[in-house]
Amino acid sequence: MNTSSPFQADNLFEIVYKASDSVKTEEDLNLLISDFDADLLCSQMESLSVSQLVKFLRVSHNYYLSKKLPEIEQSLLHIREKYSNTHGLLAGLAVYFNNYKKKLVKHIRMEEEVFFPFIETLVLASEGRLSPEETKELLQATSLADFEDNHDSIEEELREVEQIIKAYASQTEQVLPFSVFLNQVTLFEYELRKHAVIEDMVLVKKVADLEAELRNV
Ligand SMILES: [Fe+2]
Ligand SMILES: [Fe+2]
């Protein structure tokens, strides 16, 4: 059941993703997705600090790379091994997901290596832990606007990939492992959607305020 009370930083990851664990059937999945409320999620995350949000997003990235993507790839491998001869079209659809995976990994790497370090340094500056010269240099070198210009909607792209895969797959006979794969993709897309809301609507807003404050000193 949804609650509008704010999330605490402890166990934040478990709280945000716990609903995913309860998905056992396609009905559960559809219910979870139709229940999604971006405004509610924003209001729950609002009370967290910038550092807590970045920490949560880093942990989420790790979860995608070390758990979600390998699980989906495992399903694709299984489909390819078992159905290449009989269901060539389904097995061939793996290429779409692999291309998407490369983009997602690049997207995450940019955030981990450029965007988050910039934010973490902004936080240090706002706490007075950088000299005025260091703060000035930081603000001259980069800005939140640079990040926003290079930040594509990776969750939208997954939806497009999913639509393409479904369209092709509808032309051929389905097999159970393929439905499992599609459900995994749909659940992952839901998780990325949550991630994007937290990143774009909560974190970016807070960072914009922080940056504006520092620029106005
Ligand atoms: Fe991210
Ligand atoms: Fe992102």
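In the block above lies the structure referred to throughout.
Residues numbered from 1 in each chain as written. Chains lettered and ligands numbered in written order. Predicted model: local features only at pLDDT ≥ 70, side-chain atom pairs only at ≥ 80, totals over all residues.

Caption draft 1: Structural view of the overall build of the protein chain. Within the protein chain, the secondary structure is distributed over 10 helices and zero strands. Starting at the N terminus and ending at the C terminus, the protein chain contains elements arranged as α-α-α-α-α-α-α-α-α-α. Along the three orthogonal principal directions, the C-alpha set of the protein chain runs to about 65 × 35 × 25 Å. When burial is assessed residue by residue, the protein chain has 21% of its 217 residues classed as buried. Of all intrachain contacts in the protein chain linking residues separated by at least 6 positions in sequence, the fraction that spans at least 24 positions is 86%. (Helix = DSSP H or I, 4+ residues; strand = E, 2+ residues; numbered from the N terminus. Buried ≥ 20, exposed ≤ 12 C-beta atoms within 10 Å, placed from the backbone. Contact = placed C-beta atoms within 7 Å.)

Caption draft 2: Here's a closer look at the packing of helix α3 (residues 38-45) against helix α10 (residues 176-215). The interhelical angle for the contact between α3 and α10, taken along N-to-C directions, is 60°, at an axis separation of 10 Å. Comparing their axes, α10 and α3 come out oblique. Taken as a pair, α3 and α10 cross one another with a handedness that is right-handed. Only Lys194, Val197, Ile198, Met201 and Val202 of α10 make contact with α3, whose side of the interface consists of Ala38, Leu41, Cys42 and Met45. Tallied by class, residues from the contact of α3 with α10 come to eight nonpolar, no polar and one charged. (Axes fitted to C-alpha atoms, helices over the stretch in contact; angles between N-to-C directions. Parallel < 35°, antiparallel > 145°, perpendicular 65-115°, else oblique. Left-handed = near helix turned anticlockwise from the far one by under 90°. Nonpolar A, V, L, I, M, F, W, Y, C, P; charged D, E, K, R; others polar.)

Caption draft 3: Just the nonpolar core, in detail. Residues Leu53, Ile119 and Ile198 are the most contacted members of the largest nonpolar core, which totals 18 residues. Judged by nonpolar contacts, the second largest core, of 16 residues, contains Leu76, Phe97, Phe178 and Phe181. (Core = buried A, V, L, I, M, F, W, Y, C linked by C-beta atoms within 7 Å.)

Caption draft 4: Geometry of the packing of helix α9 (residues 154-169) against α10. One way to put it is that α9 packs onto α10 with a least axis distance of 9 Å and a crossing angle of 160°. Classed by the angle they form, the pair α9 and α10 counts as roughly antiparallel. Crossing of α9 against α10: the hand is left-handed. Contacts from Ile154, Glu155, Leu158, Arg159, Glu162, Lys166 and Ala169 in α9 reach Phe178, Leu182, Val185, Thr186, Phe188, Glu189, Leu192, Arg193 and Ala196 in α10.

Caption draft 5: Fine view of the environment of His151. Within the fold, His151 resides in the loop between α8 (144-149) and α9. C-beta crowding within 10 Å serves as the criterion here: with 17 such atoms nearby, His151 is assigned to the partly exposed category. In the structure, His151 is positioned 43 residues away from Ile108 in sequence and 10.0 Å away in space, judged by C-alpha atoms.

Caption draft 6: Main features of the environment of Glu46. Along the polypeptide, Glu46 turns up in the loop between α3 and α4 (50-83). Separated by 33 residues in sequence, Glu46 and Ile79 have C-alpha atoms that sit 42 Å apart. Residues within four places of Glu46 in sequence aside, it is in contact with Pro6 and Val202.

Caption draft 7: Quick look at the environment of Glu213. Here Glu213 lies in helix α10. As for Glu213 and Ser126, which are separated by 87 residues in sequence, their C-alpha atoms are 8.3 Å apart.

Bear in mind that shape data such as this cannot, by itself, settle questions of function.
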